[in-house]
Amino acid sequence: MLLRVEIGDALRSARRRQGRTLRDVSTGASVSLGYLSEIERGQKEASSELLSAICEALDLPLSALLSSVSDRFALEEGMQIPDTIPQELSDKILGHPEGYSAPRLAAKP
């Protein structure tokens, strides 16, 4: 697993969940469309400033992005992910509809 690939995948997923285009987000983040595309495909690493701008354009807390990526690495490493985020906040950040309860992740034996 590569950090830039996981960050790019998480950004692309967030953008697509919102039904937004690369052009829309690139304009909002003041980054070229081509560079944003390379970030989403894991071909380029974004600076912390650029990640912050992209997250702002997506109305996505940077902490939520980094937490999601961290959870992906933890699962890959076979670690248990503690449930520390209230369900309501998690659903709001991830864009789940009212009444949806995200499945809980179990620890690997």
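In the nomenclature of an unreviewed UniProt entry, the protein corresponds to Helix-turn-helix domain-containing protein from the organism Brevibacterium iodinum ATCC 49514.

Another aspect to go through is the overall build of the protein. Along its length, the protein carries six helices and zero strands. Going from N to C terminus, the protein has its helices and strands arranged as α-α-α-α-α-α. Looking at the protein as a whole, 31% of its 109 residues qualify as buried. Summarising the internal contacts of the protein: among those between residues at least 6 apart in sequence, 62% fall at separations of at least 24. Carbon together with sulfur atoms contributes 52% to the accessible area of the protein, which is approximately 7,000 Å² in total.

Right, let's talk about the pattern of salt bridges for a bit. Inspection of the entire model under this criterion finds six salt bridges. Here Asp9 makes a salt bridge to Arg72, at a shortest N to O gap of 2.5 Å. Here Asp9 is found in helix α1 (residues 3–17), whereas its partner Arg72 is found in helix α5 (residues 62–76), with 63 residues between them in sequence. Classification of Arg72 as partly exposed rests on a relative accessible area of 23%. In this structure, Glu40 and Arg12 form a salt bridge, with 3.9 Å as the shortest nitrogen-oxygen distance. Pair noted here: Glu40 is in helix α3 (residues 33–40) and Arg12 is in helix α1, with a separation of 28 residues, a long-range link. Each member of the pair, Glu40 together with Arg12, is buried. What emerges from the salt-bridge pattern is a single network uniting Glu6, Asp9, Arg12, Arg15, Glu40 and Arg72.

Regarding α3, the residues found buried are Leu36, Ser37, Ile39 and Glu40. End-on view of α3: buried residues confined to an arc of 160°, all on one side of the axis. Of the surrounding elements, those touching the buried residues of α3 are α1, α2 (22–29) and α4 (48–57). Downstream of α3 by one or two residues, Gly42 has phi in the positive range, about 75°.

Rules of the game
Residues numbered from 1 in each chain as written. Predicted model: local features only at pLDDT ≥ 70, side-chain atom pairs only at ≥ 80, totals over all residues. Heavy atoms only, no water. Helix = DSSP H or I, 4+ residues; strand = E, 2+ residues; numbered from the N terminus. Buried < 20%, exposed > 50% of the residue type's maximum accessible area, 1.4 Å probe, protein only. Contact = heavy atoms within 4.5 Å. Areas by Shrake-Rupley, 256 points an atom, 1.4 Å probe, with all protein chains shown as cover. Salt bridge = Lys/Arg side-chain N within 4 Å of Asp/Glu carboxyl O. Arc of directions from axis to C-beta.

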